[in-house]
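# Breakdown of the fold
Residues per chain, in single letters:
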Amino acid sequence: MQQAIGIRSIDELFAPIPAEYRLSRDLAIPRQMAESEIVDWFKQRSKENGEGYASFLGAGAYFHYRPVVIDALVQRGEFLTSYTPYQAEFAQGTLQAIFEFQTMIAELTGMELANASMYDGSTGAAEAVMMAVRVTGRHSAVIARNVHPEYREVLTTYATHQAIPQKLVSFTVSGQIDLQELEKAVGDDTACVLIQSPNFFGTIEDVEAIAEIAHKRGALLIVSIAEAASLGIVEPPRVADIVAMEAQSFGVPLGFGGPYCGVLATKEKFVRQMPGRLAGQTVDKNGKRGFVLTLATREQHIRREKATSNICTNQALVALMVNIFMTVYGKVGLRELAKQNLAKTAYAAGQFGKNARVLFSSAPRFNEFVVETSEDPYAINSRLLGHKIVGGLPLKKFYPELGNAALWCCTELTTRSMIDTAAGLIAESDGSEQNSKQSSQQSSKESSEKSSQKSSKRSKSKKDTEPEEVAR
Amino acid sequence: MTTKHVTRKATRHINQNEGLIFEKSSPGKAAWKLPPLDVPEVDTAKLLGKQERKDLGNMPEVSEIEIIRHFTRLSTWNYAIDLGMYPLGSCTMKYNPRVNEFVARVEGLANGHPYQAEKISQGALRIMQTLSECLLEITGMDAITLQPAAGAQGELTGLLMVRAYHESKGNARKKILIPDSAHGTNPATAATVGYAVENLKSNSRGMVDVAALAAQMNEDVAALMVTNPNTLGVFEQEIHKIADLMHEKGGLLYMDGANMNALVGKTRPGDFGVDVMHLNLHKTFSTPHGGGGPGSGPVAVKKILAPFLPTPIVITKPDGTLGFEYNRPQSVGRVRAFYGNFGMFVRALAYIFANGPDGLRQTTEDAVLNANYIRKGLEGTFDLPYDTPSMHEVVFSDKLQSKKGVRTMDLAKRLIDYGFHPYTTAFPLIVPGALMIEPTESEPKEELDLFIEAMKSIAEEVEEDPQYVLDAPHNTRISRLDETAAARKPVLRWKPEGQPA
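Residues numbered from 1 in each chain as written. Chains lettered and ligands numbered in written order. Predicted model: local features only at pLDDT ≥ 70, side-chain atom pairs only at ≥ 80, totals over all residues.

This part is about the overall build of chain B. Helix and strand content of chain B: 15 helices and twelve strands. Relative to the globule expectation of 23 Å for 501 residues, the C-alpha radius of gyration of chain B, 26 Å, shows essentially globular dimensions. Along the three orthogonal principal directions, the C-alpha set of chain B runs to about 75 × 75 × 45 Å. Counting all 501 residues of chain B, 56% fall into the buried class. (Helix = DSSP H or I, 4+ residues; strand = E, 2+ residues; numbered from the N terminus. Rg over C-alpha atoms; globule rule 2.2 N^0.38 Å. Buried ≥ 20, exposed ≤ 12 C-beta atoms within 10 Å, placed from the backbone.)

In structure tokens form, the structure reads like this:
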């Protein structure tokens, strides 16, 4: 080949790089490894990464069963190693799969249409807010404080330079958004209200009441859904204008936080302001049905700085996992799956309630619940780890006023014996029984304030002694 | 078809028809089975009240064999790297090693929860730290974030840091300079971060016009976003001068690392003056494109920008264990939930291990060798608008063929009949009718020869029977699709017959 090109050495091809910037040494990275060594190295890392632990964590990342057909199909090279389907004639497989994905997401969310995917639920929510700004021509956003805290952080990152001021609305003792506060927060410059349902505490919001408040002032309602499995049994937010969903629950591995699958769904009238790729149906020269990427004039490769978003690569293969999962469970299975989640969680809330206080119980919940203990939840989690159980997510980092509360999650994979064991273990410390009696007589607000004071003392002393036991 | 032009690479073959999954659905079919419930059943109406969903609409009901056949049939309608060369310029469609897929599915990595205690996350943290160290060595930069979900989000993260840096000096500045050869995400990103975009003209050799840059550079410019090698596959030979020009006026140099496959092990952006850059793990580091994602877009920076990296970053704690650091007051914040597309980190690191220092250097050399072999093979047959030396990709134009009314997209469609995925068409914008070809290191000489033969054959067809090329593709399941109709009256989802649109 060198002869054909007319060079004597490969270095001639790198002559355009000025000599002083050419690397004349080996990169200081690990030596080349054999496949067997690579597999061993990662298996070792896997052992150091919670392999074999039972987990009660949710909070935006859910452990559901993944039917084996998902990996069997997404590992077909024709899906795995193809590019974005710009050359439609040679990519009908990917395009038809996206079209089916868009259809199923629209059906499940109660929206008219959906896009081909966004990076994840957090960036999807941020993009939805920017979309609402474009649709309404208004500039501020009202955000529920019980939206996933990391989603809110991402939104802040995006919104800051778009000059979108945000107003936060807090939650009541039911864990739901405070409607009175919301009513006051929404004004004539409000482009949208962003809520999450089920919210970060697992509580289902009264979406219709919220929509009424938003729409009355001409604002859009964006509903973020972090736990897609809820859509099997919980009424979808049909009155919303945009649904920003994280579909990880549908067949996507937890994978330490990614890749996941965000998706936006909306009404037809807003489609030209929606970011992300869209597959559409059309015909070929002979009238045969086929699919293409469409409405590309919204996108960066055509519009450059005037595009609806800078998004280019999305999550196609992950969306395919979601697609296959939705197809496997389908119309009946998704409901039965959701019912099992509901049953396990209702049982767990009952069991935990014997030894601690379960907060926000006056409103319906899906598969997460908040448990308040007298003992620091980090200490509880540390004890549980000894039994190979990963406890709930301590909430004080995100909600200092919730003190010793932690967010627990049950899915269809959570067994009764896991629940019984964990419920027993959270009671092992002194005083929790006493506290649960005591706090049941108080209003939730007072009790949270009290335990929050207690916990701050405790966590201070813990920090010095056992920093590695802090869950994050 | 003219019998003279036989395609050696592909032969027509029966493949299966397949409707939409909804068209196969009928009540009672199922592909799922849940275990018996080990806790009491619940009364859903009582628990959920008016929030209970009664109906899942048109969700499908199908059996497992139907699902396997459905998606397998669809898959056979796709082209893929696994089937042959995928010469999309600037996309780096290289082989996606299967060991990557295997290790990403090892239990503790696939099932690790992002919020599990650091004590039982040491494996994942070590993977992140090791990958970070490797990428820093490869780029010659000082600090890195793995959080961005893809290249475009990497750009966003990088420009947010540029902005935060300038703000810390008291002036955020107003604009970003972007060469006219740049990828569309560059200006779109600058707009997202609240910067105005100013175009920078390329010179006659396809490179940044340094004199024009000197004239345009002033204290309003926050950064220059440059792709190197640029989208013509040309190395910016005056890159250090460009960096100096930026730095003299207090600006920063951003490098779009989309074309890093031309540089790994041969030169380092950190050494030639780049302040901030993103990498595309799904290009340079072999993680699969998957039909359009997931990507992963780590951003590497020089020390001056390190305080602004997104939160959290991986640190080694005093006791030697790894952890996340959240207390970073100057950080630009979070660009996505959790820590990024971790599964892609695993795959990229497996690729780096499988190559080592020798392998990575050879990868780069082979990628550049392959591109130059194609250039040599097609020079004369296709117009080469810039004769500047090519690195990992080569850009021709359709100037000669367009005389017969055949444009780059038509040539691309005909290439499909020859069993190849098209090259990148009509980009970069500075070349009218561009054919942008990037073979990557993965292609053996036999495949490159087939490609050259196919392209030459198409060029002959253009001379003999241009209409035949204009009507291509001829051998696919479907002919050219009506994209105008698709956009004018969008049909973006299936609906059952009789249901109002």
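Our focus in this paragraph is the overall build of chain A. When its secondary structure is counted, chain A shows 15 helices and 15 strands. The globule rule puts the C-alpha radius of gyration for 472 residues at 23 Å, and the 25 Å found for chain A is close to it. With the C-alpha coordinates of chain A rotated into their principal frame, the extents come out at 85 × 60 × 50 Å. Counting across all 472 residues of chain A, residues that qualify as buried make up 62%. Put simply, 74% of the contacts in chain A that link residues at least 6 apart link residues at least 24 apart. (Contact = placed C-beta atoms within 7 Å.)

This paragraph deals with helix α13 (residues 416–425) of chain A. Residue and element names in this part refer to chain A. When α13 is considered as a whole, its buried residues turn out to be I419, A422 and A423. One side of α13 carries all its buried residues, which in axial view fall inside an arc of 100 degrees. Buried positions along α13 lie against α11 (316–353), α12 (377–385) and β13 (389–390). (Arc of directions from axis to C-beta.)

Next up on the list: the confidence of the model for chain A. Summing up the model confidence of chain A, the mean pLDDT is 90 and the portion of residues at 70 or higher is 91%. Confidence drops under a pLDDT of 50 for residues 430–472 of chain A, and excluding neighbours within four residues, the segment shows 60 contacts in the predicted structure. (pLDDT = per-residue confidence, 0-100.)

Moving on to the domain arrangement of chain A. One frequently used descriptor of interface size is the decrease in accessible area upon assembly of the parts. Residues and elements named next belong to chain A. Examined at the domain level, chain A breaks down into domain 1 (68–326) and domain 2 (331–469). The interface of domain 1 with domain 2 comprises 16 residues on the first partner and 22 residues on the second. The residue makeup of the side of domain 1 that touches domain 2, split by class, is eight nonpolar, seven polar and one charged. (Domains from an automatic or database assignment. Nonpolar A, V, L, I, M, F, W, Y, C, P; charged D, E, K, R; others polar.)

Bringing the sheet that holds strand β5 (residues 190–196) of chain A into the picture now. All names here are of chain A. What the seven strands build is an open sheet, ordered β2-β8-β7-β6-β5-β3-β4; its pairing is mixed. Sheet topology places β2 (113–114) and β4 (166–169) at the edges, where each strand pairs with a single neighbour. Direction of pairing for β5 relative to strand β6 (residues 220–225): parallel, over a ladder of five bridges. Bridge pairing links C192 to L220 in β6. Strands β5 and β6 of the sheet are contacted by helix α9 (residues 207–216), whose axis makes an angle of about 145 degrees with β6. (Pairing = 2+ DSSP bridges. Axes fitted to C-alpha atoms, helices over the stretch in contact; angles between N-to-C directions.)

Quick look at the packing of helix α5 (residues 92–109) of chain A against α11(A) now. All names here are of chain A. Two numbers describe how α5 lies on α11: the axes approach to 9 Å, and their chain directions differ by 60 degrees. Taken together, the axes of α5 and α11 lie oblique to each other. Here the hand of the crossing between α5 and α11 comes out left-handed. On α11, the residues that touch T94, A97, I98, E100, F101 and M104 of α5 are A316, A319, L320, V322, N323 and M326. When grouped by side-chain class, the residues that make up the contact of α5 with α11 number nine nonpolar, two polar and one charged. (Parallel < 35°, antiparallel > 145°, perpendicular 65-115°, else oblique. Left-handed = near helix turned anticlockwise from the far one by under 90°.)

Predicted confidence across chain B gives a mean pLDDT of 95, with 98% of residues reaching 70 or more. On the interface metric, ipTM, the complex scores 0.96, and its pTM is 0.94.

Another point: helix α9 (residues 239–248) of chain B. All names here are of chain B. What α9 keeps buried is the set I239, I242, A243, L245 and M246. Viewed along the axis of α9, the buried residues span an arc of 160 degrees, placing them on a single side of the element. On the buried face of α9, the contacting elements are α8 (210–216), β4 (221–227) and β5 (252–256). Two residues or fewer after α9 comes G250, characterised by a positive phi angle close to 80 degrees.

A few words on the domain arrangement of chain B. Residue and element names in this part refer to chain B. Domain annotation for chain B reports domain 1 (21–75), domain 2 (100–352) and domain 3 (365–486). Summarising the inter-unit geometry, the C-alpha centres of domain 2 and domain 3 are found 31 Å apart. In this complex, domain 2 contributes 14 residues to the contact, which on the side of domain 3 involves 16 residues. Taken together, the residues of the side of domain 2 that touches domain 3 break down into five nonpolar, seven polar and two charged.

Here the focus is the interface of chain B and chain A. Facing 168 residues of chain B, the contacting portion of chain A comprises 159 residues. Per-element tally for the side of chain B that touches chain A: the top contributor is helix α10 (residues 342–378) of chain B, with 20 residues. Residue classes in the side of chain B that touches chain A are distributed as 89 nonpolar, 48 polar and 31 charged.

A few words on the sheet that holds strand β12 (residues 368–372) of chain A. All names here are of chain A. Taken in spatial order, the four strands of this open sheet run β11-β12-β15-β14, and their pairing is antiparallel. Sheet topology places β11 (357–359) and β14 (393–394) at the edges, where each strand pairs with a single neighbour. Judged from the two bridges that link them, β14 and strand β15 (residues 405–409) form a sheet pairing that is antiparallel. When the bridges of β15 are listed, L393 appears paired with L407.

What follows concerns the pairing of strand β10 (residues 289–293) of chain A. Residue and element names in this part refer to chain A. Counting buried residues along β10, four of its five residues qualify, which places the element largely inside the surrounding structure. Strand direction decides the pairing type here: strand β9 (residues 279–283) and β10, joined by five bridges, are antiparallel. Within β10, the residue paired with A279 across the bridge is L293. In sequence, β9 turns back onto β10 through a hairpin of five residues, with G287 there showing a positive phi of about 80 degrees.

This part takes up the nonpolar core. Proteins that are soluble and globular tend to have nonpolar side chains buried together. Residues and elements named next belong to chain A. If you look at the biggest cluster of nonpolar residues, it comprises 313 residues, and the most contacted ones within it are V129, V193 and I222. The element contributing the most residues to this core is α11, with 22 residues. Sequence-distant contacts of V129, defined by excluding residues within four places in its chain, comprise A141, L155, A159, I164, C192, L194 and I222. (Core = buried A, V, L, I, M, F, W, Y, C linked by C-beta atoms within 7 Å.)

Residues and elements named next belong to chain B. Counting buried positions along strand β2 (residues 175–179) yields four of five residues, so the element is predominantly enclosed. With five bridges connecting them, β2 and strand β3 (residues 196–200) associate as parallel partners. Of the residues in β3, the one forming a bridge with I178 is N199. In this fold, the crossover linking β2 to β3 by way of helix α7 (residues 185–192) has right-handed handedness. Two strands pair when backbone bridges link them, and β2 and β4 are joined in this way by three bridges, in the parallel orientation. By the bridge assignment for β4, I176 is matched with A223. (Right-handed = clockwise from strand over helix to strand, strands pointing away.)

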